[in-house]
Amino acid sequence: MNPYTILDIPPGADNATVAKAMASAMKARRYPAHILADAQRTLLSSERRLLADFLLPVLPAPRRLAIPVEPPLPPTLPAWPHENLDELVRATEAAIARDLALSQAVPGGASLSSFEVTP
């Protein structure tokens, strides 16, 4: 693990900053004591610190894009030929009633819906 991340210090921190960070990390108890001690040892030794700087780079935190989230649109009904749905239902029921009346009046019981309409 990266000792800079463990102790929450920048890569250019001096030995005094490392010691202060070690004390605050011990109080916070984010990591076990042996991991904190290893991070401090790495940063206080010039050879180990050079290796840590070279092999474990501290990358900047990724920036999050502020994308506005819009609420979902309510479901919409398909476009009807009539604005008033009740009127359309009444007209359909009237057409069915006329078709039924005509089918009873025609001998053989044929309905108008069984005939093809040609223009």
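Before reading on, note that the structure itself is shown above.
Residues numbered from 1 in each chain as written. Predicted model: local features only at pLDDT ≥ 70, side-chain atom pairs only at ≥ 80, totals over all residues. Heavy atoms only, no water.

Visitor: Please set out a nonpolar patch on the surface residue by residue, giving values where relevant.
Guide: A cluster of nonpolar side chains, namely L51, F54, L55 and L56, defines an oily patch on the protein surface of about 450 Å² accessible area. Note on placement: L56 falls in the loop between α4 (46-55) and α5 (85-105). Relative accessible area serves as the criterion here: at 33%, L56 is assigned to the partly exposed category. (Patch = residues over 30% accessible without salt bridge, like charges linked within 9 Å, V, L, I, M, F, W, Y side chains within 5 Å. Areas by Shrake-Rupley, 256 points an atom, 1.4 Å probe, with all protein chains shown as cover. Salt bridge = Lys/Arg side-chain N within 4 Å of Asp/Glu carboxyl O. Helix = DSSP H or I, 4+ residues; strand = E, 2+ residues; numbered from the N terminus. Buried < 20%, exposed > 50% of the residue type's maximum accessible area, 1.4 Å probe, protein only.)

Visitor: Explain α5 to me, and be specific about the residues and the numbers.
Guide: When the terminal C-alpha atoms of α5 are compared, their 30 Å separation across 21 residues agrees well with the 30 Å that a helix rising 1.5 Å per residue should span. When we look at burial in α5, the residues that qualify are L88, D99 and S103. One side of α5 carries all its buried residues, which in axial view fall inside an arc of 45°. Projecting away from the buried face of α5 at angles above 90 degrees are the exposed residues R90, E93, R98, Q104 and A105. (Expected span 1.5 Å × (residues − 1). Arc of directions from axis to C-beta.)

Visitor: Describe the packing of helix α3 (residues 33-44) against α4, naming the residues involved and giving the relevant values.
Guide: In the contact formed by α3 and α4, the axes pass within 5 Å of each other and the chain directions differ by 100°. Put simply, α3 runs roughly perpendicular to α4. Residue-level inspection shows D38, R41, T42, L43 and L44 of α3 in contact with α4, the latter providing S46, R48, R49 and A52. For the contact of α3 with α4, the residue count by class is three nonpolar, two polar and four charged. (Axes fitted to C-alpha atoms, helices over the stretch in contact; angles between N-to-C directions. Parallel < 35°, antiparallel > 145°, perpendicular 65-115°, else oblique. Contact = heavy atoms within 4.5 Å. Nonpolar A, V, L, I, M, F, W, Y, C, P; charged D, E, K, R; others polar.)

Spatial relationships are all this shows, so hold off on functional conclusions.
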